[in-house]
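A closer look at the structure
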Amino acid sequence: MTHAAHASAYRLPENISLERQSVALTLSPEQSEFSGHTRLYLAVAQSSGTVAYHARYLDIKSVELTHNGKTMALPIMQPNEFDIVTHRLAQPIVGQAKLSIHYSGKITHKTMGLFVAGQQSGSPYIFSQFQEMEARTVFPGFDAPDKKTRFEFSVNIPKQYDAKHNTLALSSEIKGQRKLIRFAPSHKIYTDVLALAVGEFHSVALKGTALNSFVHAPKSIALNLPEDMNELVSGTVQFMEDYLQYPFPYSKLDFFVAPIDGLAAMENVGLIALNSHQIPAQDADGFALCRFRKLIAHEIAHMWFGNDITMSWYNDYWMNESFAEFFAAKVVQTRYPKSAGCTFNPQFASFADDTHSARALRSGVKYRGDNEAIGQLAYHKGRSILEMAELALGNEVFKTQMRAYVKRVAGGNTSAPAFTQHFAKTPWFDAFINSFITQSNYPLLTLSKQNGQVYIQQTSFDSNQEKLWTIPLSVRIWDGKVLKTQQVVLDKPRMAIKNVPATAQLFLDSNGVGYFRYLDNLDNGSFAVEQLTRAERASYVDNQEALARGAKIDFMSYVDSLIHLINTLPRGAVEVSNALSTLQDTFVTLIPESLSDEYAHYLTSQMPKIDNWQSVLANQNGGLWLELYGVNLRANSAILAAQKAYKNASLSELTHRTAVLRVLVANADEQAYQALLSQFSQSERQVKEDLLDTLGYGNTISQIKAFYDLLLSDASYGHDLDYRFQYPAFSPKHRAYAGEYIRSHKDAISKRIADDKLQWFPYNFITACSAKEAALVKNTFADWQDVQGLNAKLNIVLEVINECDNNAKRNLQSVRSRLGEG
């Protein structure tokens, strides 16, 4: 089969473009089926004997083609495996043509296509999620990023409802019991970022915003927006316009807020979707506010990157997300510099997923789930690459090139080659970008010394494969008196770093943006911490943790360094928070059940004894202290503190609620657990969220079963479920039961989880760390082979488990040696 023929099987023909499309839908939140009529206005550049479009799960009633003033009925055809419907024509066509299609479709309960929610509140509403390849479940069309066009939507709905869309309503006419709403034509956009909401809504105006923005929500959802929401929206738009010297591309910027399963937000043009769970509480800490600000900035940045400048094909999906994430971090760091901690070191969110088995950022895409398979790598790995480029080139040079790039591709489509072309004067740039986007995994950079000469070499961090990257580095050099920075491009396995004193201390991760790990074998001592920025300190701590987990440094020496931080720094320090979290993780990812008690005893003997929990819980990180001591160390004082906090406050008012509940659940007998479980049905929304994040910490099989049964019950509708199956698997003693439950409840799970999310279920066991557990995971998903993309995810998880197993042999030897000394 030729490449052209192969490509045509999963992509629409290039010689036919879509000039505009009208979509008329008749629907209601009370009905599971909708009907539609669409007209596609085609421009056929070269004589064609076929016309084609996308459709999935649609019942096509009729298809008519109009060409040269003649209208002909076309036979109903079934889509191929890539959802492409192809009609072969009796006579070839060229020039202008029109397709008119009548059809019907289904409204689902999953966050796919058109879905309905809110039935339990008595205020049902319909919303849409078209990213990606889901618009074709709502109307036949050219559902691909390179087929951008203008859309004209209208809806026929029950008269008591309203509708929101990407554009403003031009008219609203009531006819009997129905209402017909016509919307203004859209800008030229692609199908992923279309949006439609039908229901009873209330709205809040974001006063003072340049586009007179509104936030809409179903009437049953309270809108408790942060006080600076107006400033955040306006400031983000202003920053993007100033940086790019390119104005906001659209005429509308509204938001639709609802509890949307499996979705934090979505960059729909003119109607950004925002999960109400993402809105921080009024007493939220700075880190939570930072995350929210970055999320809003990310979605607004998409108006330029992803929406106006759109990938030519899904293999460059990483560009949509990485550029938006890159600029979102800039917005937060510029406008909120004192509370920008959540924007530091994005690469660390990707390392765990970026195994040799992982999909490369730029990979072939044919099916809906292919890009879902990349996960967070599209966000954080891509952003890290851009930040490495900016650091190497300098902020102003990078900004100038970005402006030139945006000016050239504005309003159209782009690709990785189109981007790197703008940096052609930088000889290493193309090789750098491609080495990171076309390969999985990441480098381990090792500093060493030979005959007084400093060398740097690269290998794959995971030892079972070797790859080569082109890596621009800004090396910090400290000779004890003067701090210097030297630019280096490492594009070979090993090279000398010139003009570096043999006794100097080196730091590789300047600005904390390097997509690599590094190991210092110079024996010149640790780099002077006071010379590092906050981001660099965070990167240093995280790098040491990775080296310890990877058995590249002594594990218990690293644990002792964490204990030293906890014992010497103020209890509320960020470094202490990170150390507490890391020690919690060791119980999940390394320490087997047989060593858990001894290991906990060792930590207890070395760490502060806490009698006054009230003063500890007054810190923002008080919950981390309570959880480590109460869940992992089983300290009586922590358990009593949690019980006292629970007794003295209602759940809705409970400070450090998640930590308190986890301590109670982890130490609960059957009666106490059932009492906590019963709280779910009578609690408000946010308390329910926290209960779902804590009830999985039960300590008996019957408690774990009750938790899983809750996840699959009607009571949990409207909540994200998929990642919460992992909580019981955090405990080594419960992994076997968790695997058996998931294996035997595949059908029930499939009914509740979106199709493209199912492939991620093996990740619920990514904390496992033995060959026995690898076999357990394989058996768990032996009957899941029909789930698209699952095998690839399973291979990644098994690779992580096997790598952990190999490293654990050395790390546990370190642990046993230290425990033996104790």
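None of the values given here were measured: they were computed from a predicted structure.

This part takes up the overall build of the protein. What the protein contains, in helices and strands, is 25 helices and 26 strands. By its C-alpha atoms, the protein is 90 × 70 × 55 Å across when sized along the principal axes. Burial status across the protein gives 59% buried among its 822 residues. Considering only intrachain contacts with a sequence separation of at least 6, the fraction spanning at least 24 residues in the protein is 72%.

Here Thr 459 lies in strand E21 (residues 453-460). What makes Thr 459 partly exposed here is its relative accessible area of 22%. Taking C-alpha positions, Thr 459 is 6.8 Å from Leu 445, a pair spaced 14 residues apart along the chain. Setting aside its immediate chain neighbours within four residues, Thr 459 contacts Tyr 442, Pro 443, Leu 444, Glu 466 and Trp 469.

To continue, consider the pattern of salt bridges. Once the charged atoms of two side chains with opposite charge are near each other, the side chains can pair. Scanning the model with the defined rule gives 35 salt bridges in all. Between Arg 362 and Asp 316 there is a salt bridge, with the nearest N and O atoms lying 2.7 Å from each other. Taken as a pair, Arg 362 in the loop between helix H4 (317-335) and helix H5 (368-372) and Asp 316 in the loop between strand E18 (310-311) and H4 lie far apart in primary sequence, 46 residues in all. Arg 362 sits in the partly exposed class, given a relative accessible area of 26%. Salt-bridge contacts for Lys 746 lead to Asp 786; the nearest nitrogen and oxygen are separated by 2.5 Å. On the criterion of sequence distance, the pair formed by Lys 746 in helix H22 (residues 746-752) and Asp 786 in the loop between helix H24 (771-780) and helix H25 (790-821) is long-range, its members being 40 residues apart. According to the relative accessible area criterion, Lys 746 is buried, its value standing at 14%. Overlapping salt bridges, with partners in common, bring together Arg 56, Asp 83, Glu 134, Arg 136 and Asp 143 in one network.

Going through the model one piece at a time under the given rule, you end up with two disulfides. Between Cys 290 and Cys 342 runs a disulfide, and the two sulfur atoms are separated by 2.0 Å. Between Cys 290 and Cys 342 the disulfide shows an S-S torsion of about -80°. By sign, it is left-handed. Of this pair, Cys 290 sits in helix H3 (residues 286-301) while Cys 342 sits in the loop between H4 and H5, and the two are 52 residues apart along the sequence.

The strand order across the open sheet formed by eight strands is E4-E3-E5-E2-E1-E8-E11-E10, and the pairing between neighbours is mixed. Of all the strands in the sheet, the pair left with one neighbour each is strand E4 (70-74) and strand E10 (169-175). The average angle at which neighbouring strand axes cross in this sheet is 15°, direction not considered. For E10 and strand E11 (residues 178-183), the ladder comprises six bridges, and the chain directions are antiparallel. The partner of Lys 175 across the bridge, within E11, is Arg 178.

Glancing now at the side chain of His 422. Examined against the element boundaries, His 422 turns out to sit in the loop between helix H8 (416-420) and helix H9 (429-437). Ignoring anything within four residues of it in the chain, the contact list for His 422 reads Gln 401, Ala 404, Tyr 405 and Arg 408.

Our focus in this paragraph is the confidence of the model for the protein. For the protein, per-residue confidence averages 93 on the pLDDT scale, and 99% of positions sit at 70 or higher. The low-confidence segment residues 1-7, where pLDDT is below 50, has two contacts with residues more than four positions distant or belonging to other chains.

On the basis of which strands lie adjacent, the open sheet formed by three strands has the order E23-E22-E25 and antiparallel pairing. Strands with a single pairing partner mark the edges of an open sheet, and in this sheet they are strand E23 (483-490) and strand E25 (505-507). With direction set aside, neighbouring strand axes in the sheet form an average angle of 30°.

Positionally, Gln 679 belongs in the loop between helix H18 (670-678) and helix H19 (685-692). Spatially, the C-alpha atoms of Gln 679 and Gln 46 are 66 Å apart, while their sequence positions differ by 633 residues.

As a further point, take the side chain of Asn 166. Looking at the secondary structure, you find Asn 166 in the loop between strand E9 (162-165) and E10. Excluding residues within four positions of it along the chain, Asn 166 makes contact with Val 193, Leu 194, Ala 195, Lys 252, Asn 268, Val 269 and Gly 270.

Time to look at the packing of aromatic side chains. Within the structure shown, the criterion is met by 57 aromatic pairs. When the centroid spacing of 6.2 Å and the interplanar angle of 85° are considered together, the rings of Phe 248 and Tyr 250 count as edge-to-face. Here Phe 248 and Tyr 250 have matching classes, each one buried. Measuring from ring centre to ring centre gives 5.5 Å for Trp 613 and Tyr 629, while their planes differ by 80°; the resulting arrangement is edge-to-face. A residue pair is termed long-range when its members are at least 10 positions apart, and Trp 613 in helix H14 (residues 613-617) and Tyr 629 in helix H15 (residues 622-632) qualify at 16 residues. Residue classification places Trp 613 among the buried positions, given a relative accessible area of 5%. Looking at Arg 662, its charged tip hangs above the ring of Tyr 727, at a distance of 5.6 Å from the centre. When the ring centre of Trp 760 is taken as origin, the NZ or CZ atom of Lys 793, which lies over that ring, is 4.7 Å away.

Each value, and the rule that gives it
Residues numbered from 1 in each chain as written. Predicted model: local features only at pLDDT ≥ 70, side-chain atom pairs only at ≥ 80, totals over all residues. Heavy atoms only, no water. Helix = DSSP H or I, 4+ residues; strand = E, 2+ residues; numbered from the N terminus. Buried < 20%, exposed > 50% of the residue type's maximum accessible area, 1.4 Å probe, protein only. Contact = heavy atoms within 4.5 Å. Salt bridge = Lys/Arg side-chain N within 4 Å of Asp/Glu carboxyl O. Disulfide = S-S within 2.5 Å. Pairing = 2+ DSSP bridges. Axes fitted to C-alpha atoms, helices over the stretch in contact; angles between N-to-C directions. pLDDT = per-residue confidence, 0-100. Phe/Tyr/Trp six-rings, centres within 6.5 Å; stacked < 30°, edge-to-face > 60°. Lys NZ or Arg CZ within 6 Å of the ring centre and 35° of its normal.

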